[in-house]
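# Close look at the chain arrangement
Each chain, letter by letter, is given below.
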Amino acid sequence: MEALLCTKLGDPTVGLEESSSPIVVSKNHPIPQLDSPTAVRVRIKATSLNFANYLQIFGKYQEKPPLPFIPGSDYSGIVDTVGPKVSNFRVGDRVCSFTALGTFAQFIVVDESQLFRVPEGCDLVAAGALAVAFGTSHVALVHRAQLTSGQVLLVLGAAGGVGLSAVQIGKALGAVVIAVARGAEKVRLLKSLGVDHVVDLSNENVTLSIKEFLQSRRLKGIDVLYDPVGGKLTKESLRLLKWGANILIIGFASGEIPVIPANIALVKNWTVHGLYWGSYKIHRPGVLEDSIKELLSWLARGLISIHISHSYHLSEANLAFAAIKERKAIGKVMIVFDEKFTRSKL
């Protein structure tokens, strides 16, 4: 089978033909075999790229697997083979899931307990982008911040993978959603999703724009800050938070880890939530399972949608990572294992 191997740490945007590239495509990698009676082999249809995958190949992620490894986390596909004691799935079933490693390959073997059935009517490729981005936002907003209808949600980096998911989940929960992004095309997409107010970083002041909106709606401030960006934008956003606000630390796409003054958090009664979604699989797996099941239900009912801006073949993985690094993506970037697919580039 084809598989993408990370053989050394480095920049995954370097061309695969370059000797300095940390990733290579193996054309004859062994197809994984069933390793237990309840194991299922899935032929992967699509796998999404997340910023964590980029950091992992660079050696800058909190989890550092031994080399060589096959990167990749969330995926969708078709059941190819089942073990003798598998009871919930049959060959041909449409499924999706997530894992720590291994989805940048044509096949993966997992226990049946780790799989989720993709509902009829849901696009199978899109389902391959659900678990990590939407799962992160769902756990953050529903389980941690406990966002409720009528509250004000501020989403930074709102046109990225997790940002778009947070915006949609916020709307599904009935919140007033404010989104921050850069560029006219990203602003148009966010407005099409029903976002209540969008700030374009390319030509607007974040603080002034949001304050004017809050005053126009007679709102006192931000209840929940969703922050996958960090840096100066976090510091600026803190000025807009109301008493008792929840701050969700999702990541640091800016490359700068912000400082949240403890004395102000004390006076304002803020709650700061660190959100490392992957660790829930170890400490509270039931939360992840319930979360993804609810998200698949929402996807089937049209309450959320998955926007894919770029799709690539495995042999173009460096271009896929470049779309993330250079912030060209609006929503998700996918690796698709299919000869027939439409590539969209911005």
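An unreviewed UniProt entry lists the protein chain under the name Enoyl reductase (ER) domain-containing protein, from Canavalia gladiata.

Listing the buried residues of helix H6 (residues 206-216) in full gives Val 206, Thr 207, Ser 209, Ile 210, Phe 213 and Leu 214. The elements touched by buried residues of H6 are strand S8 (152-155), strand S9 (176-181), strand S10 (197-200), strand S11 (222-227) and helix H7 (232-238). With a side-chain oxygen lying 3.1 Å from the backbone nitrogen of Thr 207, the N-terminal cap of H6 falls on Asn 205. The positive-phi residue at the C-terminal boundary of H6 is Arg 218, with phi of around 55 degrees.

Topologically, Asp 227 is positioned in strand S11. One buried charged side chain, Asp 227, makes no salt bridge at all; its nearest oppositely charged neighbour is Arg 327, positioned 10 Å away. One polar contact links the side chain of Asp 227 to the main-chain amide nitrogen of Val 229, over a distance of 2.9 Å. When sequence neighbours within four positions are dropped, the list of residues in contact with Asp 227 reads Leu 156, Thr 234, Leu 248, Ile 249, Ile 250 and Gly 251.

To continue, consider the packing of helix H3 (residues 131-144) against helix H10 (residues 285-301). Running from amino to carboxyl end, H3 crosses H10 at an angle of 110 degrees, the nearest separation of the two axes being 9 Å. Relative to H10, the element H3 lies roughly perpendicular. Across the interface between the two elements, Ala 131, Phe 134, Gly 135, His 138, Val 139 and His 143 from H3 touch Val 287, Leu 288, Ser 291, Ile 292, Glu 294, Leu 295 and Trp 298 from H10. Taken together, the residues that form the contact of H3 with H10 break down as eight nonpolar, four polar and one charged.

On to the pattern of salt bridges. Pairing of side chains with opposite charge becomes possible as their charged atoms draw close. All chains considered together, the criterion is met by nine salt bridges. With its nearest N and O atoms 3.0 Å apart, the salt bridge here joins Asp 11 to Lys 325. Note that Asp 11 is positioned in the loop between strand S1 (3-6) and strand S2 (23-26) and Lys 325 in helix H11 (residues 317-325), a separation of 314 residues in sequence. By relative accessible area, Asp 11 is classed as buried at 18%. For Glu 289, the salt bridge goes to Lys 293, with nearest N and O atoms at 3.0 Å.

This paragraph deals with the UniProt feature "domain: Enoyl reductase (ER)" (unreviewed entry) in the protein chain. The sites that UniProt annotates as "domain: Enoyl reductase (ER)" (unreviewed entry) are residues 15-335. Taken end to end, residues 15-335 is 32% helix and 24% strand, and its first and last C-alpha atoms sit 16 Å apart.

Moving on to the sheet that holds strand S13 (residues 271-274). With parallel pairing, the six strands of this open sheet are ordered in space as S10-S9-S8-S11-S12-S13. In this open sheet, the two edge strands, each paired with only one partner strand, are S10 and S13. Put simply, the sheet's adjacent strands are angled 15 degrees from each other on average, direction ignored. Pairing between S9 and S10: four bridges, direction parallel. For Val 180, the partnering residue across the bridge sits in S10 and is Val 199. Where H3 meets the sheet, its contacts fall on S8, S11, strand S12 (241-249) and S13, and the angle it forms with S11 comes to roughly 155 degrees. Relative to the sheet, helix H5 (residues 184-192) contacts S9 and S10, its axis offset from that of S10 by approximately 175 degrees.

It is worth spelling out unusual backbone geometry at this point. In this model, Leu 67 is joined to Pro 68 through a cis peptide bond whose omega is -10 degrees. The phi dihedral of Arg 218 falls on the positive side, at around 55 degrees, and the residue is not glycine. Note on placement: Arg 218 falls in the loop between H6 and S11. Overall, the relative accessible area of 80% leaves Arg 218 in the exposed class. Of note in this structure, Asn 269 is not a glycine but carries a positive phi near 55 degrees.

Here we take up the packing of aromatic side chains. Applying the stated criterion to the full structure yields five aromatic pairs. Both rings, one in Tyr 54 and one in Phe 58, keep their centres 5.5 Å apart while their planes meet at 70 degrees; by these two values the pair is edge-to-face. Residue Tyr 54 and its partner Phe 58 are both found in helix H1 (residues 51-58); the two are separated by four residues, about one turn of the helix. With relative accessibility at 25%, the residue Phe 58 sits in the partly exposed group. Arg 41 extends its terminal NZ or CZ atom over the ring of Phe 107, reaching a point 5.7 Å from the ring centre. Cation over ring: Lys 60 sits above Phe 58, and NZ or CZ is 4.5 Å from the ring centre.

To continue, consider the pairing of strand S14 (residues 308-312). The two faces of the sheet receive side chains in turn, since in a regular strand these alternate between them. Most of S14 sits inside the fold, with four of its five residues counted as buried. By the bridge criterion, four bridges tie S14 to strand S15 (residues 332-336) in an arrangement that is parallel. Within S15, the position partnered with Ile 308 by the bridge is Lys 332. Taking the sense of rotation as the criterion, the β-α-β connection linking S14, H11 and S15 turns out right-handed.

Conventions we followed
Starting from 1, residues in each chain are numbered consecutively following that chain's sequence as written. Given that this is a predicted model, residues contribute local features only at a pLDDT of at least 70 and side-chain atom pairs are listed and counted only at 80 or more, while totals for whole chains, interfaces and linings are drawn from all residues. To obtain the side-chain values, all non-hydrogen atoms of the structure were included, while hydrogens and water were left out. Here's how the labels work: a residue is buried when its accessible area is under 20% of the maximum for its type, exposed when over 50%, partly exposed in between, all with a 1.4 Å probe on protein chains only. Comment: elements are numbered from the N terminus, with helices defined as DSSP H or I runs of at least four residues and strands as E runs of at least two. Should any heavy atoms of two residues lie within 4.5 Å, those residues are considered in contact. N or O atoms closer than or at 3.5 Å make up a polar contact, with two conditions inside protein: a donor-capable atom paired with an acceptor-capable one, and, for residues adjacent in sequence, both atoms drawn from side chains. None of His or the chain ends enter the tally, which takes Lys and Arg as positive and Asp and Glu as negative. Just to be clear on terms, a salt bridge is a Lys or Arg side-chain nitrogen sitting within 4 Å of an Asp or Glu carboxyl oxygen. Axis lines are fitted to C-alpha atoms, over the contacting stretch for helices. Their N-to-C directions set the angle, which ranges from 0 to 180 degrees. Roughly parallel here means an angle under 35 degrees, roughly antiparallel means over 145, roughly perpendicular means 65 to 115, and every remaining angle is called oblique. Each residue gets one label: Ala, Val, Leu, Ile, Met, Phe, Trp, Tyr, Cys and Pro are nonpolar, Asp, Glu, Lys and Arg are charged, and the others, such as Gly, are polar. UniProt positions are given in the numbering used here, feature names are shortened, and annotations may be inferred rather than shown by experiment. Between any two strands, pairing holds if DSSP finds at least two bridges. Working definition: a ring pair exists when centres of Phe, Tyr or Trp rings (six-membered ring for Trp) sit within 6.5 Å. Plane angles under 30 degrees give stacked, over 60 give edge-to-face, the rest tilted. Charge over a ring is defined by NZ of Lys or CZ of Arg lying within 6 Å of the ring centre and within 35 degrees of the ring normal. The path from the first strand over the helix to the second decides the hand: if it runs clockwise while the strands point away from the viewer, the crossover is right-handed.

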